[in-house]
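Examination of the molecular architecture
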Amino acid sequence: MTDITDLTVEQLAEAWQRIRDTSPADEADPFVLDCARRLSADPGGEQAHVWVSGLLAMSGHLARRPVREAERAALDALRAAVKELGRRACSHEDHPYESEMDWIEDEIWLGDNGLLTGELPGQDADVDAGKVLCPGNVAGWARLAVDVIAPLTVRRIPVGAPADHQSSISTLSGIVNDYPYCDPHDVLIDEAACLPARPTRGVLAGYLVTMNATCWYAASERITDRSVPASMVKGVEAAVALLEDGPCAHGPGEHPDTGDPDYASQVGYLLRSPGGRAEIAEYDGWDEDGEDGEDGEGGDGPGEDEPLDAWVCPAFLRELASETIGTLRGALAAFDDVPTESRDGA
Ligand SMILES: [Zn+2]
Ligand SMILES: [Zn+2]
């Protein structure tokens, strides 16, 4: 294979597009590291938009199948770009990336963001290159990439979950508040089955939070079909198998409180997109203390201890999942008429 450093930008861009969540690390990492190195070398430079676009294209890979060195290099480079570019003043009232927020889920590389060429495809073609390549727009995309790879560690992402997530939120809210307007059996079975094979960190966390927020309902007498708790157990077990190992960086009491199923059921979907996560951050009052400094990162590695990122902490999620499975197994036992403690008095 040709040395990466000999490739043209066009050849690199083609390679970035081919990096998928399924790409093996030895294929993807050289491109991630190369791109991160170039961006880090001049994070506020003329070519920064090109390298941001490369890391953005590969962010889905990094968010799913982390390889520590490549992931860290990509995050450092993107954060440096945010720091350099994000504080430059411009005359624009908004930037193209903001109008994408309605549909941006964690798979943000699927659309053409124009960063490579300065031009947006199709109907947005009238947006001028100045706006597409404005440091404010490049920084905006860099923030989104950081948030996909390391959810809830970056500030100033526009608030707003994608429309279909908002609709799921209201459906689930109806269920956990006990006034469902769709058949809860169907909804919960669909939810249990919706985990992708290789979810991003945000999607995986959101899935497990949703399952936990709804498990009391699935275990209640309102559910008359055994396949509801059964499919939820199956889904949660599959999700747990995808959680990363590694130590929990949080202190006592820093894991989120999931005691309110209504709020937790909302968070379950908000966790699955950058705009939704920004809503969680806004709810938590992030905006006020993040206004002047850029994005709250210390730039020194493990300093990222915003408690909010505990929503995606594997240790927290494991605990949550085991609580969920316990509740659902109780429901299955009742269906199977297995004698439980409550029947002991006879
Ligand atoms: Zn601008
Ligand atoms: Zn933790």
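Keep in mind that what you see is a predicted model, and the values were worked out from it rather than measured.

**Re the packing of helix α10 (residues 201-218) against helix α11 (residues 227-240)**
- Direction vectors running N to C along α10 and α11 enclose 155°, while the axes themselves pass 10 Å from each other. Considering the angle they form, α10 stands roughly antiparallel to α11. Crossing handedness for the pair α10 and α11: left-handed. Of the residues in α11, those touching α10 at Leu-204, Tyr-207, Leu-208, Met-211, Thr-214, Cys-215 and Ala-218 are Val-228, Pro-229, Met-232, Gly-235, Val-236 and Ala-239.
- Of the residues contributing to the contact of α10 with α11, the split by class is 11 nonpolar, two polar and no charged.

**Side note on the coordination of the zinc ion (ligand 2)**
- Around the zinc ion (ligand 2), the protein supplies Cys-248 (SG), His-250 (ND1), His-255 (NE2) and Cys-313 (SG) as donor atoms, at distances of 2.1 to 2.3 Å.
- Taken together, the four donor atoms coordinating the zinc ion (ligand 2) span angles of 98 to 117° at the metal, a pattern that classifies the geometry as tetrahedral.
- Motif for the zinc ion (ligand 2), donor spacing along one chain: C-x1-H-x4-H-x57-C.
- You can call His-250 buried: its relative accessible area is 17%.

**Quick word on the pattern of salt bridges**
- Within the structure shown, the criterion is met by 16 salt bridges.
- Two residues, Arg-18 and Glu-14, come together in a salt bridge whose shortest N-O distance is 3.7 Å. With Arg-18 and Glu-14 both in helix α1 (residues 9-18), this residue pair falls four residues apart, about one helical turn. Across the pair, exposure class does not vary: Arg-18 and Glu-14 are exposed alike.

**A closer look at the packing of α1 against helix α2 (residues 25-41)**
- Taken N-terminus to C-terminus, the directions of α1 and α2 make an angle of 130°; their axes are 11 Å apart at the nearest point. When the interaxial angle is binned, α1 and α2 end up oblique. Crossing geometry of α1 relative to α2 is assigned as left-handed. Judged by residue contacts, Leu-12, Ala-15 and Trp-16 of α1 engage Phe-31, Asp-34, Cys-35 and Arg-38 from α2.
- Residues belonging to the contact of α1 with α2 are distributed by class as follows: five nonpolar, no polar and two charged.

Parameters and conventions
- Residues numbered from 1 in each chain as written.
- Chains lettered and ligands numbered in written order.
- Predicted model: local features only at pLDDT ≥ 70, side-chain atom pairs only at ≥ 80, totals over all residues.
- Heavy atoms only, no water.
- Axes fitted to C-alpha atoms, helices over the stretch in contact; angles between N-to-C directions.
- Helix = DSSP H or I, 4+ residues; strand = E, 2+ residues; numbered from the N terminus.
- Parallel < 35°, antiparallel > 145°, perpendicular 65-115°, else oblique.
- Left-handed = near helix turned anticlockwise from the far one by under 90°.
- Contact = heavy atoms within 4.5 Å.
- Nonpolar A, V, L, I, M, F, W, Y, C, P; charged D, E, K, R; others polar.
- Donors = N, O, S within 2.8 Å, 3.2 Å for Na, K, Ca; no water.
- Tetrahedral: all angles 85-135°; square planar, octahedral: opposite > 155°, others 65-115°.
- Buried < 20%, exposed > 50% of the residue type's maximum accessible area, 1.4 Å probe, protein only.
- Salt bridge = Lys/Arg side-chain N within 4 Å of Asp/Glu carboxyl O.

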